[in-house]
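Descriptive structure summary
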Amino acid sequence: MASCVCLSVEASVLRNTCDAHLEKLSVFCWTCKKCICHQCALWGGMVTFLLRTYTPSLNRNQRLTHGGHTFKPLVEIYEQHVTKVKEEVAKLRRRLMELISLVQEVERNVEAVRGAKDERVREIRNAVEMMIARLDNQLKNKLITLMGQ
């Protein structure tokens, strides 16, 4: 179990370090859209990759340079992303509240329609029962008249 924790910590540390300088990633290259260390930013990133394990697609003498690129502190980019995510979450919460309100309104309308339907059904049943009672009464009167003849 302890080896799993160590491996995940090591993987996390390696993910947050520069492949060339093994420094902490602290700068965002706006031009390349990637995180780099301060040395890559300061010295233009003129680094010869001797270890092909990090970037097998590059040949041994290929150089990566960040000269003339635009940089921003990684913390600033992080804060911008956090702010944007919070804004989007707030929009989603507002939309959720709108949808909940609409659902409640629809449920109220459904209940009102059900109530109106039940009332109409009662009225129709009463009307039909009264018609049946009148027809029964007419039938009874005609039968009595026929019996009397």
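Residues numbered from 1 in each chain as written. Predicted model: local features only at pLDDT ≥ 70, side-chain atom pairs only at ≥ 80, totals over all residues. Heavy atoms only, no water.

Labelled according to an unreviewed UniProt entry, the protein appears under the name E3 ubiquitin-protein ligase TRIM37, originating from Liparis tanakae.

**Some words on the overall build of the protein**
Using the following cut-off: Starting at the N terminus, helices and strands are each numbered in turn, a helix being any DSSP run of H or I of at least four residues and a strand any DSSP run of E of at least two. Any two residues whose heavy atoms approach within 4.5 Å are treated as being in contact. In this description, accessible areas are obtained by the Shrake-Rupley approach with a 1.4 Å probe, and a residue is regarded as covered only by the protein chains that are shown.
Each helix and strand counted, the protein has three helices and five strands in total. Ordered by position from the N terminus, the helices and strands of the protein form the series α-β-β-α-β-β-β-α. If you take every contact in the protein between residues at least 6 apart in sequence, the share linking residues at least 24 apart comes to 35%. Within the structure as shown, the protein displays about 12,500 Å² of accessible surface, and the carbon and sulfur contribution to it stands at 62%.

**Here we look at the sheet that holds strand 1 (residues 25–29)**
Pairing between sheet strands relies on hydrogen bonds along the backbone, with the strands arranged either parallel or antiparallel. The line we're drawing: Pairing between strands requires that DSSP locate at least two bridges from one strand to the other. Convention adopted: a line fitted to C-alpha atoms gives each axis, helices being fitted over their contacting stretch, and angles between N-to-C directions are expressed from 0 to 180 degrees.
Read from one edge of the open sheet, three strands run 2-1-5, paired in antiparallel fashion. Edge strands, defined here as strands with exactly one partner in the open sheet, are strand 2 (34–37) and strand 5 (71–73). Sheet twist, expressed as the mean angle between neighbouring strand axes with direction ignored, is 45°. With three bridges connecting them, strand 1 and strand 5 associate as antiparallel partners. Residue Phe-28 lies in a different strand from strand 5, and its bridge partner there is Lys-72.

**Considering the nonpolar core**
General note: in soluble globular proteins, nonpolar side chains tend to be found buried as a group. Definition in use: Here, nonpolar core refers to any group of buried Ala, Val, Leu, Ile, Met, Phe, Trp, Tyr and Cys residues whose side-chain atoms link them within 4.5 Å. The buried label applies to any residue whose accessible area, calculated with a 1.4 Å probe on protein chains only, is under 20% of its type's maximum; exposed applies above 50%, and partly exposed to all values in between.
Counting residues in each nonpolar core, the largest one holds eight residues, listed as Cys-18, Leu-25, Val-27, Cys-29, Ile-36, Cys-37, Cys-40 and Ala-41. With three residues, the top contributor of residues to this core is strand 1. In this structure, Ala-41 is in contact with Val-27, Ile-36 and Phe-71, ignoring residues within four places of it in sequence.

**Looking at the packing of aromatic side chains**
Convention followed: Ring geometry is summarised as follows: Phe, Tyr and Trp rings, the Trp one being its six-membered ring, pair when their centres sit within 6.5 Å, and such pairs are stacked at plane angles under 30 degrees, edge-to-face over 60 and tilted between the two. In our convention, an over-ring charge means Lys NZ or Arg CZ found within 6 Å of a ring centre and within 35 degrees of that ring's normal.
Scanning the entire structure with this criterion turns up one aromatic pair. Between Lys-33 and the ring centre of Trp-30, over which it is positioned, the NZ or CZ distance is 4.2 Å. If you follow Lys-72 out to its NZ or CZ, it ends over the ring of Trp-30, 4.8 Å from the centre.

**Focus on the pairing of strand 2**
Here strand 1 pairs with strand 2 via four bridges, running antiparallel. When the bridges of strand 2 are listed, Val-27 appears paired with Ile-36. Between strand 1 and strand 2, which pair antiparallel in sequence order, lie four residues; one of them, Lys-33, sits at a positive phi of approximately 60°.

**So, the UniProt feature "coiled-coil region" (unreviewed entry) in the protein**
We apply this condition: UniProt positions are given in the numbering used here, feature names are shortened, and annotations may be inferred rather than shown by experiment.
Following the UniProt record, the feature "coiled-coil region" (unreviewed entry) maps to residues 75–109 here. Split by type, residues 75–109 is 100% helix and 0% strand. Its first and last C-alpha atoms lie 51 Å apart.

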